[in-house]
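Fold and geometry: a report
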Amino acid sequence: MVGAFLVLAGMLGPMPALGGKVALVTGASRGVGRGVALGLGEAGATVYVTGRTLSGRRPDMPFLAGSLEETAADVTALGGSGVAVQCDHRDDAQTRAVIERIAGDHEQLDLLVNNVWGGYEGLHLWDERGQTWNAPFWEQPLSLWDEMFGAGVRAHYVTTSLAAPLLIAARGLVVNISFFAGMRHRGTENIPYFLAKNADDRMAQAFANHFRPHGVSAVSLYPGLVRTEGVLLAPEGTFDFTNSESPQFLGRAAAHLAADPDVLSRSGQTLVAAELAQEYGFTDIDGRQPPSARASFEGE
């Protein structure tokens, strides 16, 4: 499989050993979620991947490649075991069914990666949501708030709540995929996005406080500029890819965290994938260690 060959490139240092570990990555049809799943697959984990696109392409965005079946197949090709489960995480019953399936199959969950998100669709379709992304909030569609918080923040809360017994049984790890927007203090950019990422970070801290007596860890994890399918479709000159990251780079960060016997000492923290690469000694798939973008956002 060509995709599997490409993503095996650029390893540096020992890969973490996650054989026998069970992970759930939400929103893994494509983009960051797919990359996280592949990074865990490299380490040998069993990875359940969820999302709305089981096969083929999304009808509303046929120009974006990626499906759960493709992600699961590549996870398996990389040495893990990929399991595709179609799920719209805005529907609590569907989320519950995913957790019940994992419980029936394994009775534990070692790693939950809350990645599923909503509200970005307008940037790809360039509809009213995309065209007003940087406009004052009163000029943006009110639906953007619901998309960010419903398919993102609320979905992360519900999934973690339902998965808590399995995580406790495994003394596992919860990773909320967030971004540097969460540390901004001005709030002059897209307000629903700023507040949603901030909420995800605070939620990880609260998860950590509740989980700590049970030996479960919870963190937020920041990527830099990620070369997702959608980002790569942006008009030429929109992004400077000089220090960008592959989606799989974030997966390698999550894999190292999941394999770290001292991960509980990090619980409640906001971590940066590029900084973890320096600490753990792993690289992106091109063999590089991209620099942290923290300095570009702190103090804003």
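Cut-off values and rules
- Residues numbered from 1 in each chain as written.
- Predicted model: local features only at pLDDT ≥ 70, side-chain atom pairs only at ≥ 80, totals over all residues.
- Heavy atoms only, no water.
- Helix = DSSP H or I, 4+ residues; strand = E, 2+ residues; numbered from the N terminus.
- Buried < 20%, exposed > 50% of the residue type's maximum accessible area, 1.4 Å probe, protein only.
- Contact = heavy atoms within 4.5 Å.
- Areas by Shrake-Rupley, 256 points an atom, 1.4 Å probe, with all protein chains shown as cover.
- Pairing = 2+ DSSP bridges.
- Axes fitted to C-alpha atoms, helices over the stretch in contact; angles between N-to-C directions.
- Arc of directions from axis to C-beta.
- pLDDT = per-residue confidence, 0-100.
- Salt bridge = Lys/Arg side-chain N within 4 Å of Asp/Glu carboxyl O.
- Phe/Tyr/Trp six-rings, centres within 6.5 Å; stacked < 30°, edge-to-face > 60°.
- Lys NZ or Arg CZ within 6 Å of the ring centre and 35° of its normal.
- Expected span 1.5 Å × (residues − 1).
- Bend = angle between axes of the 7 residues up to and from the residue.
- Parallel < 35°, antiparallel > 145°, perpendicular 65-115°, else oblique.
- Left-handed = near helix turned anticlockwise from the far one by under 90°.
- Nonpolar A, V, L, I, M, F, W, Y, C, P; charged D, E, K, R; others polar.

The number of helices and strands found in the protein chain is twelve helices and seven strands. Across the 300 residues of the protein chain, 54% fall into the buried class. In the protein chain, of all internal contacts separated by at least 6 residues, the share reaching a separation of at least 24 is 72%. In the structure as shown, the protein chain presents an accessible area of about 12,700 Å², 55% of it carried by carbon and sulfur atoms.

Once that is clear, we can look at the sheet that holds strand S3 (residues 81–86). What holds strands together in a sheet is hydrogen bonding between their backbones, with the strands either parallel or antiparallel. With respect to topology, seven strands assemble into an open sheet ordered S3-S2-S1-S4-S5-S6-S7, the strand pairing being parallel. Bordering the open sheet on either side are S3 and strand S7 (270–272), each of which pairs with just one other strand. When the angles between neighbouring strand axes are averaged without regard to direction, this sheet yields 20°. Note that strand S1 (residues 22–25) and strand S4 (residues 111–114) share three bridges and pair parallel. Residue leucine 24 lies in a different strand from S4, and its bridge partner there is leucine 112. The strands that helix H3 (residues 68–77) touches are strand S2 (46–51) and S3; relative to S3, the one it contacts most, it runs at about 165°.

Turning our eyes to something else, we now look at helix H11 (residues 273–280). Among the residues of H11, Ala273, Ala274, Leu276 and Ala277 are the ones counted as buried. Summarising the axial view, the buried residues of H11 lie within an arc of 160°, below the 170-degree limit, and thus occupy one face. Away from its buried face, by an angle of more than 90 degrees, H11 presents the exposed residues Gln278 and Glu279. Backbone geometry just after H11 places glycine 281 at a positive phi near 85°.

When you line up the elements, proline 213 lands in the loop between helix H8 (191–211) and strand S6 (217–222). Under the relative-accessibility criterion, proline 213 is labelled exposed at 66%. Remark: the alpha-carbon pair of proline 213 and isoleucine 168, spanning 45 residues in sequence, is separated by 9.7 Å.

Model confidence for the protein chain is summarised by a mean pLDDT of 88, while 87% of its residues fall at 70 or above. Of the regions scoring below 50 in pLDDT, residues 1–7 engages in twelve contacts with residues more than four places distant in sequence or in other chains.

This part is about the pattern of salt bridges. Note on pairing: side chains with opposite charge can pair once their charged atoms come close. Inspection of every chain in the model, using the stated rule, returns ten salt bridges. For the salt bridge of glutamate 279 with arginine 266, the shortest nitrogen-to-oxygen distance reads 2.3 Å. Here the residue glutamate 279 occupies a position in helix H11, and arginine 266 occupies one in the loop between helix H10 (247–259) and S7, the gap between them amounting to 13 residues. Measuring nitrogen to oxygen at the nearest pair gives 2.8 Å for the salt bridge that ties glutamate 275 to arginine 294.

All right, on to the environment of glutamate 100 then. Residue placement: glutamate 100 occurs in helix H4 (residues 92–106). With relative accessibility at 51%, the residue glutamate 100 sits in the exposed group.

Looking now at the packing of aromatic side chains. Per the counting criterion, the structure on display carries six aromatic pairs. Relative to phenylalanine 149, the ring of tryptophan 145 lies with its centre 4.3 Å away and its plane at 15°, an arrangement referred to as stacked. With tryptophan 145 and phenylalanine 149 both in helix H7 (residues 143–170) and four residues apart, this pair spans about one turn of that helix. A relative accessible area of 19% places phenylalanine 149 in the buried class. Ring centres of phenylalanine 207 and phenylalanine 211 lie 6.4 Å apart, and the angle between their planes is 55°; this geometry places the pair in the tilted category. A residue pair is termed a helical-turn pair when its members lie 3 or 4 positions apart in one helix, as phenylalanine 207 and phenylalanine 211 do in helix H8 at four residues. In terms of burial, phenylalanine 207 and phenylalanine 211 fall into one category: buried. Of the aromatic side chains, those joined through ring pairs into one cluster are Phe179, Phe180 and Tyr222. One cation-aromatic arrangement involves lysine 197 over tryptophan 117; the distance from NZ or CZ to the ring centre is 3.8 Å.

With that settled, the discussion passes to H7. For H7, which comprises 28 residues, the first-to-last C-alpha distance of 38 Å matches the rise-based estimate of 40 Å (1.5 Å per residue) to within 8%. The largest bend along H7 reaches roughly 55° and is located at alanine 164, with the proline proline 165 sitting one to four residues downstream.

Let's shift gears to the packing of H10 against H11. In contact at an axis separation of 9 Å, H10 and H11 are set at 55° when each is read in the N-to-C sense. Classified by the angle their axes make, H10 and H11 are oblique. The handedness of the crossing between H10 and H11 comes out as left-handed. Of the residues in H11, those touching H10 at Phe249, Leu250, Ala253, His256 and Leu257 are Ala273, Ala274, Leu276, Ala277 and Tyr280. Class assignment of the residues belonging to the contact of H10 with H11 gives a composition of nine nonpolar, one polar and no charged.

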